[in-house]
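Examination of the molecular architecture
Here's the letter readout for the chains.
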Amino acid sequence: MKSCKKCFEYAYVFVGGDVRFCPWNGIVIGNLKRNTLEEIWHSAEAEKVRKAFVRGELLGCNEQYCPDCINESTTLDIDEEDLRRLYTDLPEIPSQISLAYDERCNHACPSCRHEFFCASKEYLEDLEIITQNIEPYIGRVKHIATNGIGDLFVSHEILNMLSRFRPSDPEFYMFIETNGVLFKNNWEKIKHLANKRNIVSITPNSFDRETYKYLAGRDDLEKFEESMAFITKLKHEGAIGRIRIIMVIQDSNFRQIPQFIKKCIEYDADDIVLRPIFKWFGMQEDELLYKNVLNPCHPYYQEYLEVIQDPICQDPRVYNWGFDVEQEAIPFPTLEMKRKYEELKNSDISEKSGINELKDKINCQTSENYNIQKQLIYQMEVNAELQKQLFNEIQIKEAMKNGYSWKLTAPLRKIRRIFKK
Ligand SMILES: C[S@@+](CC[C@H](N)C(=O)[O-])C[C@H]1O[C@@H](n2cnc3c(N)ncnc32)[C@H](O)[C@@H]1O
Ligand code: SF4
Ligand code: SF4
């Protein structure tokens, strides 16, 4: 029967203290600011999900995003009898906890957020409370995962908790998610947890300086590379067991997939994850459409299919999180995109238009629309000089200086042609 063991063993602690069974299951079974972990684990909501899972109904699961569902993982083939046993032998508390309740990060990847996260006083107070309420349990679990929602190494509360913590289970292991940059400088704080079962998952998205800078929101590829080399060294020394390196496939990095895989192999990665971009947090529908080259209507789709024909994509280390799964075709451009484009085209934008006037026209003043603005600028028939200034304005000065404008504008022409149809 198709089901999943997560609801019998896993607790995912999310921002604000909500607890769920898994990152891709949306049902909240309680909140750590109001309840103890035991209360949450045995709550009516938790029971409802478990009963559904025993019937083979994946209640609340987003099967389009869940890697096990996408890969039709054999871990989801569970005997009815085993399911009933898991249900009756439910442990007092989960054996695995994911600490994903702090979204602070040293990066601002456009796939994930529009700006650097700035914590309010209330946010920090919440962090304290959640940490206090989860800390008594972590010594009793077999596995801790952190930080699927931000970066562990700027999350002082979680990092300090881990530095205080001594696991009692000899089989204990960690799964650390990070962009990798601050790993080397902070390893000292968690090195007592070193062991061969640990997994470190790192997302650089690109190894090309300009692309990296754009996709991380910060120009620290060199620091990343230094830290990444350190992670590889730790693996060779046995302090960690597995390295997983991730690329979220987008319009700006998909052409680099083969080089990306090669570089990951140099870092001795065990899993090279190619994952499609999802609609994440504040990402708007338009923004996703521009970025998602797996959409069969996207202007780069055919080119994407050619790129993934490279034999290196068949390397056994490549973990398929749906990079070759055909997605539903979503019309591109949408009527709204066409309308905006017409508006811009007819709006008397010329060499003489001042930057501010232009920015007003495309509503460029708010950082929320950052990605859409950039894409709109691509579409505009402004002269190269003006475009250059606009790019400067949105902080990709370096990219232009290094001749990157060609890479940015060539694909643009393709989009423009489609818009003109
Ligand atoms: C939010 S991050 C947190 C962990 C860590 N900071 C990192 O970047 O790996 C968790 C995972 O989500 C991925 N991610 C970010 N934005 C995404 C999006 N829009 N669609 C799919 N995955 C995304 C990241 O690449 C990373 O693998
Ligand atoms: S989303 Fe996937 S991993 Fe999560 S509980 Fe459902 S089936 Fe299991
Ligand atoms: S994807 Fe990871 S590194 Fe990038 S902003 Fe989000 S949490 Fe930070």
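Reading guide: rules and limits
Residue numbers run consecutively from 1 along every chain, following the written order of its sequence. In the order they appear in the text, chains get letters beginning with A and ligands get numbers beginning with 1. Under the rules for a predicted model, residues below a pLDDT of 70 receive no local features and side-chain atom pairs below 80 are neither given nor counted, while totals for whole chains, interfaces and linings still include all residues. By definition, any uninterrupted DSSP run of H or I lasting at least four residues is a helix, any uninterrupted run of E lasting at least two residues is a strand, and each is numbered from the N terminus. The exposure label follows from counting other C-beta atoms within 10 Å of a residue's C-beta, where the C-beta atoms are placed from the backbone and the thresholds are 20 or more for buried and 12 or fewer for exposed, leaving partly exposed in between. A pair of residues counts as a contact when their C-beta atoms, built from backbone coordinates, are within 7 Å of each other. For this analysis, nonpolar core means a set of buried Ala, Val, Leu, Ile, Met, Phe, Trp, Tyr and Cys residues linked through C-beta atoms within 7 Å. The rule is simple: place the C-beta atom from the backbone, and if it lies within 6 Å of a molecule or strand, the residue is near it. In this classification, the charged set is Asp, Glu, Lys and Arg, the nonpolar set is Ala, Val, Leu, Ile, Met, Phe, Trp, Tyr, Cys and Pro, and all remaining amino acids, among them Gly, are polar. Every residue is assigned a pLDDT by the predictor, reflecting its confidence on a scale from 0 to 100. Strand pairing is defined by DSSP finding a minimum of two bridges between the two strands. Clockwise travel from the first strand over the helix to the second, with the strands pointing away from the viewer, marks a crossover as right-handed. In this analysis, axes come from line fits to C-alpha atoms, helices being fitted only over the stretch in contact, and the angle between any two N-to-C directions falls in the range 0 to 180 degrees. Between 65 and 115 degrees an angle is taken as roughly perpendicular, under 35 as roughly parallel, over 145 as roughly antiparallel, and anywhere else as oblique.

Some words on the overall build of the chain
The secondary structure content of the chain amounts to 19 helices and 10 strands. Per-residue burial over the chain gives 36% buried out of 421 residues. Considering only contacts within the chain whose residues lie at least 6 apart along the sequence, 75% involve residues at least 24 apart.

Structural notes on the nonpolar core
Core analysis: the biggest nonpolar cluster contains 80 residues, and A11, Y12, V13, L99, I249, I272 and L274 have the highest contact counts within it. In terms of residue count, strand 8 (residues 242-249) provides more of this core than any other element does, six residues in total. For Y12, the contacting residues outside a window of four places in its chain are V19, R20, F21, C22, P23, S98 and A100.

Notes on unusual backbone geometry
Of all residues except glycine, most have a negative phi; of all peptide bonds, most are trans. Look at the link from T146 to N147: it is a cis peptide, with omega at -5°. Residue position: N147 is located in the loop between strand 5 (143-146) and helix 7 (156-164). If you check the backbone angles, E72 has positive phi at about 45° while not being a glycine. Structurally, E72 is set in the loop between helix 4 (67-70) and helix 5 (80-88).

Side note on the site of ligand 1
Looking at ligand 1, there are 16 residues lining it, with S111, E177, T203, F278 and W280 nearest. Looking at the shell around ligand 1, the elements with two or more residues in it are strand 6 (173-178) and strand 8. Along the lines of polarity and charge, the residues of the shell around ligand 1 split into eight nonpolar, five polar and three charged.

Let's talk about the site of ligand 2
Around ligand 2, the structure places C4, K6, F21, C22, W24, N25, L58, C61, C66, D68 and C69. By residue class, the composition of the shell around ligand 2 is eight nonpolar, one polar and two charged.

Brief notes about the confidence of the model for the chain
Looking at the chain, pLDDT values average 85 and 80% of them are 70 or higher. Counting interchain partners and residues more than four positions distant, the pLDDT-below-50 stretch residues 363-370 has nine contacts. Contacts for the low-pLDDT stretch residues 391-421, under 50 throughout, to residues beyond four places or in other chains number 32 contacts.

Digging into the environment of C22
On the secondary structure map, C22 appears in the loop between strand 2 (18-20) and strand 3 (30-31). A C-alpha to C-alpha distance of 9.3 Å links C22 and C66, two positions 44 residues apart in sequence. Not counting residues up to four positions away in its chain, the partners in contact with C22 are K6, Y10 and Y12.

A few points about the pairing of strand 8
Note on strand geometry: in a regular strand, side chains alternate between the two faces of the sheet. Burial analysis of strand 8 places seven of its eight residues in the buried class, which makes it a mostly covered element. Pairing of strand 7 (residues 199-202) with strand 8 involves four bridges; the strand directions are parallel. From the neighbouring strand, I202 faces strand 8, where its bridge partner is I245. Where strand 8 meets strand 9 (residues 271-276), six bridges bridge the pair, whose relative direction is parallel. Following the sheet pairing, V248 is matched in strand 9 by R275. With respect to chirality, the unit in which strand 8 leads through helix 11 (residues 257-266) into the neighbouring parallel strand 9 is right-handed.

Topic: the sheet that holds strand 2
Reading across from one edge, 3-2-1-4-5-6-7-8-9-10 is the order of the 10 strands in this open sheet, with mixed pairing throughout. Pairing within the sheet leaves two strands with one partner each, and these edge strands are strand 3 and strand 10 (318-320).

Considering the environment of R255
Position of R255 among the secondary structure elements: in the loop between strand 8 and helix 11. As a C-alpha pair, R255 and E303 span 48 residues in sequence and 8.3 Å in three-dimensional space.

Some points on the packing of helix 7 against helix 8 (residues 183-190)
Here helix 7 crosses helix 8 at 40°, and the two axes come no closer than 8 Å. One way to sum up the angle between helix 7 and helix 8 is to call them oblique. Mapping the contact onto sequence places L159, L162 and S163 in helix 7 and N186, K189 and I190 in helix 8. Of the residues in the contact of helix 7 with helix 8, the class split is three nonpolar, two polar and one charged.

Description of the environment of D251
Residue placement: D251 occurs in the loop between strand 8 and helix 11. Here D251 falls in the partly exposed class, since 19 other C-beta atoms lie within 10 Å of it. Residues D251 and P299, 48 residues apart in the sequence, show an inter-C-alpha distance of 9.7 Å. The contact partners of D251, leaving out residues within four places of it in the chain, are Y290, K291, V293 and Y300.

Observations concerning the pairing of strand 6
For strand 6, the tally of buried residues reaches five of six residues, placing the bulk of the element in the interior. Across four bridges, strand 5 lies against strand 6 in parallel orientation. Its bridge partner being in strand 6, T146 is matched across the sheet by I176. Taking the sense of rotation as the criterion, the β-α-β connection linking strand 5, helix 7 and strand 6 turns out right-handed. Looking at chain direction, strand 6 and strand 7 are connected through four bridges and run parallel. Across the sheet, T178 pairs through a bridge with I202, a residue of strand 7. Following the chain from strand 6 across helix 8 to the adjacent parallel strand 7, one finds a crossover that is right-handed.

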